[in-house]
Amino acid sequence: MTDINWEEPFCGEGNNCFRLGTDTQGNAYIAVAGQEDHPLTDTREALRTLIRDIKAGKADHLL
């Protein structure tokens, strides 16, 4: 498996924690904290776009 550099978990209330990570090949990863062996993966640009869209309010309907 690729060596992933995981960031510290981002946690909401309780145990709702997610981790973001990257590797040296330009891939980005999102995983539930404690389940990093089953990440969702895409390019860093895709993760960048996701974060920008969330910050712009495009996911507010999920709240």
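In what follows, the structure referred to is the one given above.
Residues numbered from 1 in each chain as written. Predicted model: local features only at pLDDT ≥ 70, side-chain atom pairs only at ≥ 80, totals over all residues. Heavy atoms only, no water.

Comments concerning the overall build of the protein chain
Tallying secondary structure elements over the protein chain gives one helix and five strands in all. N-terminal to C-terminal, the α/β element order of the protein chain is β-β-β-β-β-α. Taking the principal axes of the C-alpha coordinates as reference, the protein chain spans close to 35 × 30 × 15 Å. Counting every position in the protein chain, which comprises 63 residues, the buried fraction comes to 19%. Look at the contacts in the protein chain between residues 6 or more apart in sequence, and 14% of them connect residues 24 or more apart. Working note: accessible area of the protein chain is about 5,000 Å², and carbon and sulfur atoms make up 52% of it. When the 6 positive and 11 negative side-chain charges of the protein chain are each reduced to one mean point, those points stand 9 Å apart. (Helix = DSSP H or I, 4+ residues; strand = E, 2+ residues; numbered from the N terminus. Buried < 20%, exposed > 50% of the residue type's maximum accessible area, 1.4 Å probe, protein only. Contact = heavy atoms within 4.5 Å. Areas by Shrake-Rupley, 256 points an atom, 1.4 Å probe, with all protein chains shown as cover. Lys, Arg positive; Asp, Glu negative; His and termini not counted. Charge placed at Lys NZ, Arg CZ, Asp CG, Glu CD.)

Things to note about the environment of Thr 41
Within the secondary structure layout, Thr 41 lies in strand 5 (residues 40-43). Along the primary structure Thr 41 and Leu 20 are separated by 21 residues, whereas in three dimensions their C-alpha atoms are 9.8 Å apart. At a separation of 3.1 Å, a polar atom in the side chain of Thr 41 contacts the main-chain carbonyl oxygen of Ala 28. (Polar contact = N/O pair within 3.5 Å; in protein donor to acceptor, adjacent residues only side chain to side chain.)

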